[in-house]
Amino acid sequence: DQVFTAAEQAQADDRRKFAEAYAGKFAVKEAVMKALGAGVRQGVWFTAVEVLNDEFGAPVVTLHREAGTAQRLC
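Residues numbered from 1 in each chain as written. Predicted model: local features only at pLDDT ≥ 70, side-chain atom pairs only at ≥ 80, totals over all residues. Heavy atoms only, no water.

### Let's talk about the environment of Ala-27
Here is step 1 of the chain: With respect to the secondary-structure elements, Ala-27 resides in helix 2 (residues 18–36).
Here is step 2 of the chain: Each C-alpha atom, one on Ala-27 and one on Val-51, is 9.9 Å from the other, the two residues being 24 residues apart in sequence. (Helix = DSSP H or I, 4+ residues; strand = E, 2+ residues; numbered from the N terminus.)

### Some thoughts on the pattern of salt bridges
Here is step 1 of the chain: According to the stated counting rule, one finds one salt bridge in the structure shown.
Here is step 2 of the chain: Here Glu-8 makes a salt bridge to Lys-29, at a shortest N to O gap of 3.1 Å. Here Glu-8 is found in helix 1 (residues 6–13), whereas its partner Lys-29 is found in helix 2, with 21 residues between them in sequence.
Here is step 3 of the chain: Judged by relative accessible area, which is 0%, Glu-8 ranks as buried. (Salt bridge = Lys/Arg side-chain N within 4 Å of Asp/Glu carboxyl O. Buried < 20%, exposed > 50% of the residue type's maximum accessible area, 1.4 Å probe, protein only.)

### Observations concerning the pairing of strand 1 (residues 49–53)
Here is step 1 of the chain: Counting buried residues along strand 1, four of its five residues qualify, which places the element largely inside the surrounding structure.
Here is step 2 of the chain: Relative to strand 2 (residues 59–63), strand 1 runs antiparallel, the two sharing five bridges. Pairing of Asn-53 across the sheet is with Pro-59, part of strand 2.
Here is step 3 of the chain: Where strand 1 folds back on strand 2, the antiparallel hairpin that results is connected by five residues, among which Gly-57 adopts a positive phi of roughly 95°. (Pairing = 2+ DSSP bridges.)

### What about the side chain of Glu-8?
Here is step 1 of the chain: Of note is the side chain of Glu-8, whose polar atom sits 2.6 Å from the backbone nitrogen of Val-51.
Here is step 2 of the chain: Discounting residues that sit within four places of it in the chain, Glu-8 has contacts with Val-3, Lys-25, Lys-29, Val-49, Glu-50, Val-51 and Leu-52. (Polar contact = N/O pair within 3.5 Å; in protein donor to acceptor, adjacent residues only side chain to side chain. Contact = heavy atoms within 4.5 Å.)

### A short note on the nonpolar core
Here is step 1 of the chain: Formed by Val-32, Met-33, Leu-36, Ala-38, Val-44, Ala-48 and Val-49, the largest nonpolar core amounts to seven residues.
Here is step 2 of the chain: Sorting elements by how many residues they give to this core places helix 2 first, with three residues. (Core = buried A, V, L, I, M, F, W, Y, C linked by side-chain atoms within 4.5 Å.)

### What about the packing of aromatic side chains?
Here is step 1 of the chain: On inspection of all chains with the given rule, the structure shows two aromatic pairs.
Here is step 2 of the chain: Relative to Tyr-22, the ring of Phe-4 lies with its centre 4.9 Å away and its plane at 65°, an arrangement referred to as edge-to-face. Within this pair, whereas Phe-4 is found in the segment before helix 1, its partner Tyr-22 is found in helix 2, the two being separated by 18 residues in sequence. The exposure classification of Phe-4 matches that of Tyr-22, with both residues buried. (Phe/Tyr/Trp six-rings, centres within 6.5 Å; stacked < 30°, edge-to-face > 60°.)

### Quick look at the environment of Leu-63
Here is step 1 of the chain: Its place among the elements puts Leu-63 in strand 2.
Here is step 2 of the chain: Classification of Leu-63 by relative accessible area gives partly exposed; the value is 35%.
Here is step 3 of the chain: Considering only alpha carbons, one finds Leu-63 and Thr-47, 16 residues apart in sequence, at a separation of 9.0 Å.

The values are spatial; any link to function lies outside them.
Shown next as structure tokens:
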């Protein structure tokens, strides 16, 4: 619950290879946070970056709360 939103959990749990689904979502979250130059120190939590898959399986990233207003620090 501290890393994945309820929607992400529901989507990943529906997959046969749910561990791989979670790992992929985490990798995308981490890459987005690095690209933003933001993280826990800047008050951006993993749940503020939501990664859901569209009807074709492609990841779609939505920034919530503090992630949507994060600015690159470097």
